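Descriptive analysis of the structure
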Amino acid sequence: MKRYLLFFNKVYYPGFGMDDFVEDFDSFDQCLSKLAEYSEIERKKDYFPYEIDEFWEKHTAFVFDSETKDEYEVTLKTIEHLLKK
């Protein structure tokens, strides 16, 4: 298992345990890049029950650091900003 575990649920926020697990990564930046890619794919699908702008502003993913046991909450709206740092 790699250090960073990405959890994401396309309904609203992760809440289904390992069913929300997407992938594991060696770095936090790799994790954010994959989340940006994954969210763009999901965003193009037409099945969201919310207004798309509201959904992407509030939708949340979680990253778990398996070494420090820290959990990071990332809203999809902030991904581009974080990747530019």
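This report concerns the structure included in the present document. Model, not experiment: these values are computed from the prediction. (Residues numbered from 1 in each chain as written. Predicted model: local features only at pLDDT ≥ 70, side-chain atom pairs only at ≥ 80, totals over all residues. Heavy atoms only, no water.)

**Points about the pattern of salt bridges**
Counted only if it meets this: Whenever Lys or Arg places a side-chain nitrogen within 4 Å of a carboxyl oxygen from Asp or Glu, that contact is recorded as a salt bridge. In this description a helix means any DSSP run of H or I spanning at least four residues, a strand means any run of E spanning at least two, and both kinds are numbered starting from the N terminus. Here's how the labels work: a residue is buried when its accessible area is under 20% of the maximum for its type, exposed when over 50%, partly exposed in between, all with a 1.4 Å probe on protein chains only.
This structure, assessed with the given rule, holds four salt bridges. Residues Arg-3 and Glu-67 are paired through a salt bridge, measuring 3.4 Å at the closest nitrogen-oxygen approach. Here Arg-3 is found in the segment before β1 (4-8), whereas its partner Glu-67 is found in the loop between β3 (60-65) and β4 (71-75), with 64 residues between them in sequence. With relative accessibility at 57%, the residue Glu-67 sits in the exposed group. Connected through salt bridges with shared partners, the residues Arg-3, Asp-65 and Glu-67 form a single ionic network.

**A word on the sheet that holds strand β2 (residues 21-25)**
As a reminder of what qualifies: Two strands qualify as a pair provided that DSSP identifies no fewer than 2 bridges between them. Think of each axis as a best-fit line through the C-alpha atoms, taken over the contacting stretch in the case of a helix, with angles from 0 to 180 degrees between the N-to-C directions.
What the four strands build is an open sheet, ordered β2-β1-β3-β4; its pairing is antiparallel. Each edge of the sheet is formed by a strand with only one pairing partner; in this case those strands are β2 and β4. Recorded for the sheet is a direction-independent mean angle of 20 degrees between the axes of neighbouring strands.

**Some thoughts on unusual backbone geometry**
The backbone phi angle of Lys-69 is positive, close to 70 degrees, even though this residue is not glycine. By secondary structure assignment, the location of Lys-69 is in the loop between β3 and β4. A residue is classified by how much of its surface remains accessible, and Lys-69, at 57% relative accessible area, is exposed.

**Brief notes about the pairing of β4**
Here β3 runs beside β4; their pairing, made up of five bridges, is antiparallel. From the neighbouring strand, Phe-64 faces β4, where its bridge partner is Glu-71. Linkage of β3 to β4, two consecutive antiparallel strands, is achieved through a turn of five residues, within which Lys-69 is found at a positive phi near 70 degrees.

**What about the nonpolar core?**
Selection rule: Residue types Ala, Val, Leu, Ile, Met, Phe, Trp, Tyr and Cys, when buried and joined through side-chain atoms within 4.5 Å, form a set referred to as a nonpolar core. Should any heavy atoms of two residues lie within 4.5 Å, those residues are considered in contact.
Tyr-4, Leu-6, Phe-8, Phe-25, Cys-31, Leu-32, Leu-35, Ala-61, Val-63, Val-74, Leu-76 and Ile-79 together form the largest nonpolar core, which totals 12 residues. At the level of secondary structure, the elements contributing two or more residues to this core comprise β1, α1 (28-43) and β3. In this view, Phe-25 contacts Lys-2, Arg-3, Tyr-4, Leu-6, Gln-30, Cys-31 and Lys-34; residues no more than four positions away in its chain are not counted.

**Here we look at the pairing of β1**
Remember that side chains alternate between the two faces of the sheet whenever the strand is regular. The buried fraction of β1 is high, at five of five residues. Side chains of β1 alternate between two faces, with Tyr-4, Leu-6 and Phe-8 and Leu-5 and Phe-7 buried alike. Relative to β2, β1 runs antiparallel, the two being bridged by four bridges. Across the sheet, residue Phe-7 finds its bridge partner in β2, namely Phe-21. One ladder, built from five bridges, connects β1 with β3; its direction is antiparallel. Of the residues in β3, the one forming a bridge with Phe-7 is Phe-62.

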